[in-house]
Amino acid sequence: YNVGGRTRRIYGRPRKFSSELDNRIMQGYLPPLATFDPADDKHYDDEEQYLELRLVPPTPGGFEVPFTAPLSIDVPEGNPIPGAMLVEGDAMTYPTVTFIGPGTDMSVTIGSFEVGLEGTLGVGATITVDPRPWNQTIKRTGNTTGVSLSRKTRLARALVGPGAYQAVLRGVDYTGTARATVRWRHAFLTL
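As a convention, each chain's residues are numbered from 1 in the sequence order in which they are written. For a predicted model such as this one, the threshold for reporting local features is a pLDDT of at least 70, and the threshold for listing and counting side-chain atom pairs is 80 or more; totals across whole chains, interfaces and linings nevertheless cover every residue. To obtain the side-chain values, all non-hydrogen atoms of the structure were included, while hydrogens and water were left out.

J.: Sorry, what's going on with the pattern of salt bridges here?
T.: Pairing between side chains becomes possible if they bear opposite charge and their charged atoms approach one another. Each reported salt bridge corresponds to a side-chain nitrogen of Lys or Arg within 4 Å of a carboxyl oxygen of Asp or Glu. In this structure the tally under the stated criterion is 6 salt bridges. Between Arg 8 and Asp 45 there is a salt bridge whose closest N-O contact spans 3.2 Å. A residue pair is termed long-range when its members are at least 10 positions apart, and Arg 8 in strand E2 (residues 6-9) and Asp 45 in strand E5 (residues 43-45) qualify at 37 residues. Residue burial is assigned from relative accessible area. The probe radius is 1.4 Å, only protein chains are included, and a residue is buried under 20% of its type maximum, exposed over 50%, and partly exposed in between. With a relative accessible area of 8%, Arg 8 lands in the buried category. Think of it this way: any DSSP run of H or I at least four residues long counts as a helix, any run of E at least two long counts as a strand, and we number them from the N terminus.

This is the structure we're talking about:
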């Protein structure tokens, strides 16, 4: 829905669907009636937030010698601090984490929430952990044989409140290509 220039979502399912059948159906009109059963009591931003984490830090910049005047520094666009995550709104929200291999014993920590894997993801293999109450799935693609959630993972605590966080990816990857993505929507208690 869109109210006051803000587009928000409510997750849930239609229930008690009914419709009166009458002659209007012949003109292509069928007036349905349904109720909506929300999955939780929150309203979510339509735009999903996204953060990519890597095991290998970005290559720092520097100056080439010899220096020539005037000196200038190019600042890369985007997130200036690797792993910086800003959760807005006024309610707790659910981060969805996707691990992308190759990597062994990978985990992502955001505040007190941690989701981790035990085992080795193959090259290009992914595991997506989605703790949202209306979804609650673990989706696998590629070579994920023998990979399971770690004992530290508690999907019931997979919530982060409004605030600034440092999301951290840990694991072992000798190729330097392992990464994880975190996706979330800002959550609100009212319109």
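J.: How should I be thinking about the sheet that holds strand E18 (residues 187-188) in this particular structure?
T.: Hydrogen bonds between backbone atoms are what pair the strands of a sheet, whose relative direction is either parallel or antiparallel. Ordered by their spatial adjacency, 4 strands build an open sheet running E1-E2-E5-E18, and the pairing between neighbours is antiparallel. On the outer flanks of this sheet lie strand E1 (2-3) and E18, each paired with one strand and no other. A pair of strands is treated as paired once DSSP finds two or more bridges between them. Two strands pair when backbone bridges link them, and E1 and E2 are joined in this way by 2 bridges, in the antiparallel orientation. Across the sheet, Val 3 pairs through a bridge with Arg 6, a residue of E2.

J.: Looking at this structure, I do not really get the confidence of the model for the protein chain. What am I missing?
T.: Close reading of the predicted structure is inappropriate where its pLDDT is low. Think of pLDDT as the predictor's per-residue confidence, scored from 0 to 100. Chain-level statistics for the protein chain give a pLDDT mean of 86 and a share of 87% at 70 or above. Element-level pLDDT for the protein chain is lowest in strand E3 (residues 12-19), with a mean of 84, against a maximum mean of 97 in strand E8 (residues 96-100).

J.: What should I look at first to understand the packing of aromatic side chains in this one?
T.: Think of a pair of aromatic rings as described by two things: how far the centres are apart, and how the planes are tilted against each other in angle. By convention, a stacked pair of Phe, Tyr or Trp rings (six-membered ring in the case of Trp) has centres within 6.5 Å and planes under 30 degrees apart, an edge-to-face pair has planes over 60 apart, and any other such pair is tilted. Evaluation of the coordinates by the stated rule reveals 4 aromatic pairs. Seen from their ring centres, Tyr 11 and Tyr 44 are 5.7 Å apart, and the 65 degrees between their planes marks the pair as edge-to-face. Of this pair, Tyr 11 sits in the loop between E2 and E3 while Tyr 44 sits in strand E5, placing them 33 residues apart in sequence. Pair check on accessibility: Tyr 11 and Tyr 44 agree, each one buried. Taken together, the ring pairs connect Tyr 11, Tyr 44, Tyr 94 and Trp 134 into an aromatic cluster. A positively charged side chain is recorded as over a ring if its NZ (Lys) or CZ (Arg) lies within 6 Å of the ring centre. The angle to the ring normal must also be within 35 degrees. It is Arg 8 that lies over the ring of Phe 188; its NZ or CZ is 3.6 Å from the centre.

J.: Explanation requested: the sheet that holds E8 in the structure shown.
T.: Strand order in this open sheet of 5 strands is E6-E17-E8-E12-E13, and the pairing throughout is antiparallel. Bordering the open sheet on either side are strand E6 (49-54) and strand E13 (137-141), each of which pairs with just one other strand. The mean inter-strand angle of the sheet, taken between neighbouring strand axes irrespective of direction, is 15 degrees. Direction of pairing for E6 relative to strand E17 (residues 179-184): antiparallel, over a ladder of 6 bridges. For Arg 54, the partnering residue across the bridge sits in E17 and is Arg 179. Axis lines are fitted to C-alpha atoms, over the contacting stretch for helices. Their N-to-C directions set the angle, which ranges from 0 to 180 degrees.

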